[in-house]
Amino acid sequence: MKVETKISKVNPLNPERDILMEAAKLIREGHLVAFPTETVYGLGANGLDEAAAAKIFEAKGRPQDNPLILHVSSIEEVEPLVESISHESEKLMDRFWPGPLTILFKRSSLIPDIITAGLDTVAIRMPSHPIAKELIRLSGVPIAAPSANTSGRPSPTLASHVIEDLYGKIHMIIDGGSTGVGLESTVLDLTGEVPIILRPGGVTLEDLQEIIPNVEEDLSIIADSEDIVPRSPGQKYRHYAPKADMIVFSGQLPNMVRAINAKAAEYIKDGKKVGIMATDETKDEYKAGIIISMGSRKRKETIAQNLFNTIRLLDGEGVDIILSEGVELSHIGTAIMNRLKKASGGKIIKV
Ligand code: TXA
Ligand code: MG
């Protein structure tokens, strides 16, 4: 279905109330609104309205078995959505909300089946972005919101990415500039014996260990083998994928640079257009190809921020192959490597 998409610029620090009122009204009426959060742009609908949520799946081309996250604007809003709130989750909400942590709870009967894809758990998070917070509050309902991209494509960190994927399919896009973290929230399952990170993100393993020292990571997050089946439905799909083929390199920095230069030369000899995802420390060491630095290795948060945009930029250049440097598997590096692994379809070369 073709709809007219209104694009409204909103000040991310001090959002214009009248525009957010208009967006909230659209949400209450069962329409879709894309909005910035501190992680990536979300595609929002009334999370208690089955028909509205169904439109999300249609607009994104999202598989029906992939559940959605409900976004709330206060901790009090969680209670009616869940069966119970454990002491652990209370501590985590106090420490990390609002922010990029999504927590799984046993769901209550209030939640439509389409949100949870029939599972008995529901994923909930409270974003810290002023626009997201205010939009949810004004809507008066939990907002179901996946990342506002076409399924399979890199998540949107700028309104222009949302426009690229969803223009003409949704009622409104709120342009609040670039998102902060750049990668999606951490998804944490607290419903089993041991807390498990299903998707690494803005809140890291090390952050969580301060509150829940026994937290573990789902093996599929960065495992070498594609045979390890992820516990979270969303993690099993090829994701964040560029149009180009992609290979990720991991290992010592000089080895990565040498291997990427060699691989680039091979492809160029074959007449292929090569894109290289480098870092500030290495970008001058590449000999050929379209070279983009994702940021500094000394501040991996900048790499996280620029990761998806870099993939989209190289796609825009029409490259045939993207060669990307990897990062160490600690702190935000785990989330970066998880996204690179998914984007490349698991093509990681150790050097
Ligand atoms: O940062 C974020 O989380 C962004 C912004 C918009 O809030 N949202 C986001 O949503 O990334 P989405 O739909 O792209 O990813 C949600 C992930 C998927 O991998 C999904 O499978 C998982 O969370 N998920 C949701 N509900 C779940 C559940 N009940 N059990 C297991 N995994 C669940
Ligand atoms: Mg997504």
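Coordinates for the structure precede this section.
What comes next concerns the included structure.

**Observations concerning the overall build of the protein chain**
Item 1. What the protein chain contains, in helices and strands, is 10 helices and 16 strands.
Item 2. In terms of overall dimensions, the protein chain is globule-like: its C-alpha atoms have a radius of gyration of 20 Å, near the 20 Å expected for 351 residues.
Item 3. Over its C-alpha atoms, taken along the principal directions, the protein chain stretches across nearly 60 × 50 × 35 Å.
Item 4. Each of the 351 residues in the protein chain was classed as buried or not, and the buried ones make up 56%.
Item 5. Within the protein chain, residue pairs in contact and separated by at least 24 positions form 69% of the contacts whose partners lie at least 6 positions apart.

**Quick word on the pattern of salt bridges**
Any two side chains of opposite charge can pair, on the condition that their charged atoms come close.
Item 1. All told, the structure shown has 19 salt bridges when counted by the stated rule.
Item 2. Taking the shortest distance from any N to any O, the salt bridge between Asp120 and Lys106 comes out at 3.3 Å. With Asp120 in the loop between helix 4 (113–116) and strand 6 (121–125) and Lys106 in strand 5 (residues 101–106), this pair connects stretches of sequence that are 14 residues apart.
Item 3. You can call Asp120 partly exposed: its relative accessible area is 47%.
Item 4. In this structure, the salt-bridge partner of Asp165 is Arg312, at a minimum N-O distance of 3.0 Å. Separated by 147 residues along the polypeptide, Asp165 in helix 6 (residues 159–166) and Arg312 in helix 9 (residues 300–316) bring together distant segments of the chain.
Item 5. Taken together, the shared-partner salt bridges in this structure form one network comprising Arg153, Glu164, Asp165, Arg312 and Asp315.

**Brief notes about the site of ligand 1**
Item 1. Neighbouring ligand 1 are 26 residues; Thr39, Asn66, His71, Ser185 and Gly234 lie closest to it.
Item 2. Taking 690 Å² as the accessible area of ligand 1 by itself, protein coverage stands at 97%.
Item 3. Top contributing element to the shell around ligand 1 by residue count: strand 6, with three residues.

**Digging into the side chain of Arg199**
Item 1. Inspection of the secondary structure assignment puts Arg199 in strand 10 (residues 196–199).
Item 2. Although Arg199 is buried, it forms no salt bridge, and the closest oppositely charged side chain is Glu184 at an N-O distance of 4.7 Å.
Item 3. Separated by 3.0 Å, the side chain of Arg199 and the backbone oxygen of Ser185 make a polar contact.
Item 4. The residues touching Arg199, leaving out its near neighbours within four places in the chain, are Ile69, Glu184, Ser185, Thr186, Val187, Gln235, Tyr240 and Arg339.

The rules we used
- Residues numbered from 1 in each chain as written.
- Chains lettered and ligands numbered in written order.
- Predicted model: local features only at pLDDT ≥ 70, side-chain atom pairs only at ≥ 80, totals over all residues.
- Heavy atoms only, no water.
- Helix = DSSP H or I, 4+ residues; strand = E, 2+ residues; numbered from the N terminus.
- Rg over C-alpha atoms; globule rule 2.2 N^0.38 Å.
- Buried < 20%, exposed > 50% of the residue type's maximum accessible area, 1.4 Å probe, protein only.
- Contact = heavy atoms within 4.5 Å.
- Salt bridge = Lys/Arg side-chain N within 4 Å of Asp/Glu carboxyl O.
- Near = heavy atom within 4 Å.
- Areas by Shrake-Rupley, 256 points an atom, 1.4 Å probe, with all protein chains shown as cover.
- Lys, Arg positive; Asp, Glu negative; His and termini not counted.
- Polar contact = N/O pair within 3.5 Å; in protein donor to acceptor, adjacent residues only side chain to side chain.

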